[in-house]
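Spelled out from the first residue to the last, the chains are:
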Amino acid sequence: MAVDWVKCCYLWLLLWLYIWASESRNTRRSLDDDLLQPYTRGHGPTHSHRHVRACQAVIYGNTTHESWPSSSRGGRPVAESNVFVTDVEEGTRWVLGHMTVVHDPLKAMSVLEPGGLDGCRMHHRVSVEDTAKAAGCLYAQNGGFFNTKSGECQGNVVSSGRLVRDSGGVQNAQFGIRSDGTLVFGYLSQEDVLDRSNPFVQLVSGVIWLLRNGEIYINQSLEAECSEIQETGSLRYFVDVVSARTAVGHDKEGRLILFQIDGQTKKRGMNLWQVAEFLKRNGVINAINLDGGGSSTFVTDGSLASYPSDHCTSDSRWRCSRDVSTVLCVHQRRCHPANCSEHGECVDGHCHCQRGWQGPACDTLVCQPPACGPHGVCTAGGCVCDAGWRGANCSEGCLPGFYGDACSKTCSCFNGGSCDPVSGRCICPPGFQDKTCEKVCPLGFFGASCAQECRCDDLCPCDPQTGSCNATLPGETNSTLHRAGHCLARQMITSWRREEEAHRKQPYLTERSWLIITLVLTSLLLASLIVLLHQACQQSATSCFPEHTDYSYVPLRDINGAASCARETGESGNGSLGLEYSDFEEEIWSPLHSGRS
């Protein structure tokens, strides 16, 4: 619980500090008690631009605004501001004010949103001092009207070339500067506001066109802008009432004039007739009235230089400047656009263009499209030629052997081939082919792209270029033909042999089988020959020894127990043994063929 209590106290302390800081910042806020608003409902009249055009004098034709070239002289301060005190109503009343002359309006004056970028969109109200200090203004004064309750900017607003607010064609007096430096004062249609051919770079709306071409134009403005106004009565009463006033105009030299006088509604200051007359006496040609009353403020170097009419919220004894809407700011010369279209550098309000660019904003190429003809494109570096073209203005084709962008690539074609100047593709002469024309037509073909077939007898080759059959082929080609013929002959002989073998009857036995059989038969014949020779040798031996012809020697030592008998009789002595053995031998030599004797 103690921790939660500490957190709660800490949050309350932060809230108190925030409220205290807010009140501290707002101690110099005004009560908005000196209001001088021209319309009770919305802002501006309900009638159309056509109505304004129809109501103006015939001498002006259909033109409802005036244009004047602005001054652009340099070498001097961008602006000069003077404080004046003048009497009105034949010396019975005196007013204090400021008149500022801007020598180069296009580059040294801007319409600012309250507090900076998106101030109108966010419905901000900011003092002229704060807006001017943030933007680095040398001199500044309040600009267009606004809704004091919601903070909404009213009328048309263009700030540094950016359309902030489009009023939708509401017909109030306008002041603007176009991109070429032209100063515009008067009534504009919505088409004029949105025109992009020479667009506005600065634009703000006022109420009542004070001077037109050096003449007071208030009565005509009352008819063009007629409507009831808020808190100060009718529009004529708005014109007639004395109050603090703010206006903008120009002189015959095209210098911009910023005008501001101090005052308080119904008590001091000027009415619009007096403002118009004062401006006319001081050489102003065209001028419109801006927001006045408690909004009228003039600031020098971020400090308040005028005497505001609103009372302060903190103490009504003192006077405080009002938080307003748009601001007219005089500053050091600036380029339009500030970055010189990203093609140059801004130096003292002048764009120093990069090579290849020109114009006040460095937005125009030095090389213009007609200079490059139909075969090139203008760039900052000059003409960039299409593929196949060259020259300063891209009017010359590529030289032989070159192709591509600006003819910067070299062809790679042989045997007299030419290349396409755009793609670089080789165009081969008759008798050659391939990407680089290096290959001769294959045998049997000739002509362009080797597309034609030879018509020679016996299918003989022809000249690859002309197709003539009486062609002397080069040595390399002859060698190729010889090798090709030799190869074809070998292939044909091999093919014939294969066909012959395919039709030949296949034997039942293989060569190996026949070899085995042959060896076996040879062995048998040799064996038979050996047997015959043996028999022949036996017969020849019999004829040489006839007594042994019919006898065979067979040892019968062991037959009929001869061995056992010998052992039994061996005991009787050797003499008897020898006799018996001899008798026995005589017995076994008996004729083999006893049946024949």
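Note that this is a predicted model, so its numbers are computed, not measured. (Residues numbered from 1 in each chain as written. Predicted model: local features only at pLDDT ≥ 70, side-chain atom pairs only at ≥ 80, totals over all residues. Heavy atoms only, no water.)

## A closer look at the layout of surface pockets
Then, number 1: Taken as a whole, the largest pocket holds about 650 Å³ of empty space.
Then, number 2: Along its surface, the largest pocket is lined by 31 residues, and Leu-106, Val-201, Cys-335, His-336 and Pro-337 are the ones closest to its centre.
Then, number 3: Those elements that place two or more of their residues in the lining of the largest pocket are helix H3 (105-108), strand S4 (109-112), strand S11 (200-205) and strand S22 (350-353).
Then, number 4: Looking at the lining of the largest pocket residue by residue, the classes come out as twelve nonpolar, twelve polar and seven charged. (1 Å grid on protein atoms, 1.4 Å probe; cavity = no way out; pocket = protein on both sides within 12 Å on 5 of 7 lines; lining within 4 Å. Points joined across faces, edges and corners; volume = space filled by probe spheres on them. Helix = DSSP H or I, 4+ residues; strand = E, 2+ residues; numbered from the N terminus. Nonpolar A, V, L, I, M, F, W, Y, C, P; charged D, E, K, R; others polar.)

## Here's the deal with empty space enclosed by the protein
Then, number 1: For the structure on display, the rule yields two cavities of 30 Å³ or more.
Then, number 2: For the largest cavity, the calculated volume is near 40 Å³.
Then, number 3: The wall of the largest cavity is formed by Val-52, Cys-55, Gln-56, Tyr-187, Tyr-217, Gln-220 and Ala-224.
Then, number 4: Across the lining of the largest cavity, the residue classes tally to five nonpolar, two polar and no charged.
Then, number 5: Reported here for the second largest cavity is a volume of approximately 30 Å³.
Then, number 6: If you go around the second largest cavity, the residues you meet are Arg-29, Ser-30, Asp-32, Arg-125 and Asp-323.
Then, number 7: Residues belonging to the lining of the second largest cavity are distributed by class as follows: no nonpolar, one polar and four charged.

## A short note on a nonpolar patch on the surface
Then, number 1: Nonpolar side chains collect at one region of the surface, where Trp-514, Ile-516, Ile-517, Val-520, Leu-521 and Leu-524 lie side by side and expose about 580 Å² of accessible area between them.
Then, number 2: Inspection of the secondary structure puts Ile-517 in helix H10 (residues 511-544).
Then, number 3: Given the relative accessible area of 35%, Ile-517 is considered partly exposed. (Patch = residues over 30% accessible without salt bridge, like charges linked within 9 Å, V, L, I, M, F, W, Y side chains within 5 Å. Areas by Shrake-Rupley, 256 points an atom, 1.4 Å probe, with all protein chains shown as cover. Salt bridge = Lys/Arg side-chain N within 4 Å of Asp/Glu carboxyl O. Buried < 20%, exposed > 50% of the residue type's maximum accessible area, 1.4 Å probe, protein only.)

## Notes on the packing of aromatic side chains
Then, number 1: All told, the structure shown has eight aromatic pairs when counted by the stated rule.
Then, number 2: Between Tyr-187 and Trp-209, the aromatic rings sit 5.7 Å apart at their centres with planes inclined by 80°, giving edge-to-face as the arrangement. Separated by 22 residues along the polypeptide, Tyr-187 in the loop between strand S10 (182-186) and helix H5 (190-194) and Trp-209 in strand S12 (residues 209-212) bring together distant segments of the chain.
Then, number 3: By relative accessible area, Tyr-187 is classed as buried at 2%. (Phe/Tyr/Trp six-rings, centres within 6.5 Å; stacked < 30°, edge-to-face > 60°.)

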